[in-house]
Amino acid sequence: MNRRRQSRASYLVFASVVGTLALLPAFNLVPKEWYAPLIFANFFAIFAMSWDLLAGYAGQMNLGHALFIGVAAYTSGLAGTHLEWPPWVTIPLGMGTSVIVGALIGIPAIRLRGPYLALVTLLALIAVYKLVLIYSDVTEGISGMSFTPKNFFPPLGYDVPLERVKLVTYYYSLGLMALIGAGLLVIAHSRWGAIFRAIRDNEAAVEASGLSPAKFKVVAFMVSASAAGLAGAAYVHLPVLAALQPAGLDGVLSLDLSLSIIVASVAGGLGTIIGPLIGAYITKLGQQYLSALPSQVEALHILEGQGWISLLFWILLVLLVLFARKGLLPLLMGDLLCRPVEEIQIHTGRSQQ
Amino acid sequence: MSAILETHKISKAFGGLQAVHQLDLKVEQGTIMGLIGPNGAGKTTVFHLIMGTLKPDRGRIHFKGHDITHRKAHQIVELGIARAFQSVQCCPGMTVWENLELCALSNHLFPQLLHDRAHIIHVAERLGLLPELDRLPAMLPYAGLRRLEIARAIATEPELLLLDEPFAGLTPSEADELSQTIQELRAQGMTVVIVDHNVRSVMRLVDRVLVMSFGELIAEGPPEDIIKNPIVQQAYLGNDHP
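Right, let's walk through the structure included here. From a predicted model like this one, the values you see are computed outputs, not experimental measurements. Counting restarts for each chain: residues are numbered from 1 in the order of the written sequence. All chains are assigned letters beginning at A, and all ligands numbers beginning at 1, according to the order in which they are written. With the structure being a predicted model, the display of local features is reserved for residues of pLDDT at least 70 and the display and counting of side-chain atom pairs for 80 or more, all residues being used for whole-chain, interface and lining totals.

### Observations regarding the interface of chain B and chain A
Many structure descriptions define interface size as the accessible area lost when the parts assemble. Throughout, a pair of residues is in contact if the C-beta atoms placed from their backbones lie within 7 Å. Opposite the 30 residues of chain B that make contact, chain A presents 27 residues. Under the scheme used here, helices are H or I runs from DSSP no shorter than 4 residues and strands are E runs no shorter than 2 residues, and both carry numbers assigned from the N terminus. Of all the secondary structure elements, the ones that give two or more residues to the side of chain B that touches chain A are α2 (73-79), α3 (96-103) and α5 (142-155) of chain B. In terms of residue count, α2 of chain B provides more of the side of chain B that touches chain A than any other element does, 4 residues in total. Residues belonging to the side of chain B that touches chain A are distributed by class as follows: 17 nonpolar, 8 polar and 5 charged. Gly falls in the polar group here, along with every residue not listed as nonpolar (Ala, Val, Leu, Ile, Met, Phe, Trp, Tyr, Cys, Pro) or charged (Asp, Glu, Lys, Arg).

### Side note on the sheet that holds strand β8 (residues 191-195) of chain B
Residues and elements named next belong to chain B. Here, strands pair whenever DSSP counts at least two bridges between them. Spatially, 6 strands are ordered β6-β7-β8-β3-β9-β10 in an open sheet, and the strand pairing comes out mixed. The sheet is open, and its two edges are formed by β6 (81-84) and β10 (216-221), each paired on a single side. Along the sheet, successive strands turn relative to each other by an average axial angle of 20°, direction set aside. When strand β7 (residues 160-164) meets β8, the two strands line up parallel, connected through 5 bridges. Across the sheet, Leu161 pairs through a bridge with Val192, a residue of β8. All axes here are fitted lines through C-alpha atoms, helices being fitted over the stretch that makes contact, and every angle between N-to-C directions spans 0 to 180 degrees. Strands β6 and β7 of the sheet are contacted by α5, whose axis makes an angle of about 175° with β6. Across the sheet, helix α6 (residues 172-187) touches β3 (32-36), β7 and β8, and the angle it forms with β8 is around 150°.

### A look at the nonpolar core
We define a nonpolar core as a collection of buried residues of the types Ala, Val, Leu, Ile, Met, Phe, Trp, Tyr and Cys that are connected via C-beta atoms lying within 7 Å of each other. Three exposure classes are used. Buried residues have 20 or more other C-beta atoms within 10 Å of their own C-beta, exposed residues have 12 or fewer, and partly exposed residues fall in between, all C-beta atoms being placed from the backbone. Formed by 179 residues in total, the largest nonpolar core has its most connected members in Ala45, Phe47, Ala48, Leu53 and Ala231 of chain A together with Ala151 and Ile194 of chain B. Sorting elements by how many residues they give to this core places helix α2 (residues 35-57) of chain A first, with 17 residues. When sequence neighbours within four positions are dropped, the list of residues in contact with Phe47 of chain A reads His65, Ile69, Ala228, Ala231 and Ile261 of chain A.

### Digging into the sheet that holds strand β5 (residues 66-67) of chain B
In a beta sheet, neighbouring strands pair by backbone hydrogen bonds and run either parallel or antiparallel. All names here are of chain B. One open sheet holds the 4 strands; their spatial order is β2-β1-β4-β5, and the pairing between them is antiparallel. The two strands at the open ends of the sheet, each matched to only one other strand, are β2 (17-28) and β5. Running over the sheet, helix α1 (residues 43-51) touches β1 (3-14), β2 and β4 (58-63) and is turned about 65° from β2.

### What to know about unusual backbone geometry
At Glu140 of chain A, a residue that is not glycine, the phi angle is positive and equals roughly 65°. Positionally, Glu140 of chain A belongs in the loop between α6 (136-139) and α7 (162-188). Phi is positive for Gln22 of chain B, close to 50°, though the residue is something other than glycine. As for its placement among the helices and strands, Gln22 of chain B is situated in strand β2.

This is the structure in structure tokens:
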């Protein structure tokens with residue numbers, strides 16, 4: 001399977017996923033209570049795909065991806081609430097700030113690898129989280145930042161019924177996911193993508209090719225941060241978002257979010273963009289489905305509210321990683337979209353002769 | 001004939017071990033030069049110093065008049081020096097074509113192919129890799145991997161090619177084919193420096209030989225003189241001629 005065919009197959013699968021999601025409301029296949037989880041899943045898919053470009057493609061282990069999301073979300077949110085700037089200004093501003101932070105984190109990545117780089121990304125996330133708490137008079141701290149309708153994007157009037165708000169927001173988030181996802185796919189299959197993969201596989205070989213690994217590592221951080229930042233900055237203006245939380249599972253500066261992104265990406269299939277996309281929907285919507293199950297199935301009432309269903313879900317993910325460590329996508333589609341990493345060992349035994 | 005590469009008293013130590021000591025080396029343009037010596041003589045360290053993957057403790061390195069002593073490895077490749085490693089340094093997740101294409105890219109923010117695709121095909125053809133272009137390196141036999149390593153270096157269009165143990169692990173017929181390719185490259189104006197333990201292959205191929213022992217240059221000259229040199233025989237070849 002050559003790279004061009006893999007590239008075409010990736011675009012086809014991506015278009016199918018977006019098309020299916022776009023048609024769901026048209027055929028009334030989405031129950032009312034599922035709009036909010038789907039909206040968050042659309043954003044979560046962007047977060048996972050942007051992480052995959054950095055970690056799966058370029059091999060830069062980032063444990064604090066929420067940093068890019070949170071910095072953009074807080075920049076955009078603060079500019080919207082305190083300076084009263086409109087979303088069409090604050091969203092690009094948030095994204096731009098995230099790109100700068102991406103470049104700043106990318107610079108130590110020139111020298112650091114593996115666990116050391118992971119630690120830097122994690123500590124940077126914790127540092128920014130602490131800053132949000134320290135300046136709680138501006139950021140509203142752990143209680144979260146709330147918004148007024150003038151900050152909402154897409155722009156909706158005061159008298160719009162909630163169901164319509166959710167539908168419009170769903171298509172808005174899906175459109176954003178389609179746009180950013182397509183952009184990430186184009187980059188992944190471009191020369192940048194090839195250089196990112198080469199850096200992941202063998203940095204010395206990249207340098208011997210006359211290319212600067214340092215420069216392209218910083219580019220990978222900036223591209224990943226720009227995608228995550230755009231989504232983070234847009235996420236903060238959602239009409240369905242109660243408040244901008246720094247902590248918790250949906251907290252934009254939380255370790256939980258960073259880890260969820262990694263779990264979704266690994267479960268879907270690293271280094272494929274499409275794998276993390278699918279992994280994001282499965283983990284987000286799977287959790288939602290399973291958590292609602294005890295209230296619907298009488299035999300499961302005993303599990304209600306005790307966290308057992310959530311535990312079961314995470315055990316399922318552990319089993320998936322154990323038995324399909326390349327992820328769900330390579331398990332289902334083989335090398336149609338990606339090249340399994342285990343196949344790319346080189347045996348140079350004769351040099352020992 | 002002018003020197004394309006010169007080192008001026010370069011030294012490199014690793015802790016207490018003096019790997020290279022006050023080495024003066026001159027590579028004439030358009031020649032094939034052999035750098036031989038027993039294990040631990042410092043030959044591969046010299047390649048590392050030239051390519052910028054190690055920095056010398058003392059001394060300077062000049063390439064075409066430019067001081068490259070403190071340049072980064074990728075900048076040195078851009079200037080026109082390429083190296084084929086002793087251990088194959090390709091990207092295992094990329095096909096032979098993708099590996100060669102990577103070497104033909106410019107180091108710009110938005111990389112472009114420095115030459116058209118015909119150049120890559122020509123390099124692949126020269127190294128006998130045309131039937132392997134869509135294959136992953138792991139699918140190649142060992143000789144194919146060696147050819148890919150050299151093809152990657154040539155794809156950068158170097159003026160000076162450093163080959164580190166290119167004949168290691170090759171059968172005599174594979175080594176002969178490679179020798180022929182190296183001679184063709186020289187015929188086209190490329191300068192080649194070879195480090196190899198296979199003294200027979202090197203001696204047949206090179207115009208000049210430099211012999212290193214314990215980080216120092218102990219002899220220099222045409223291969224026929226080096227073979228007869230008693231210091232070389234003592235230090236490297238033993239009493240048996242190659």
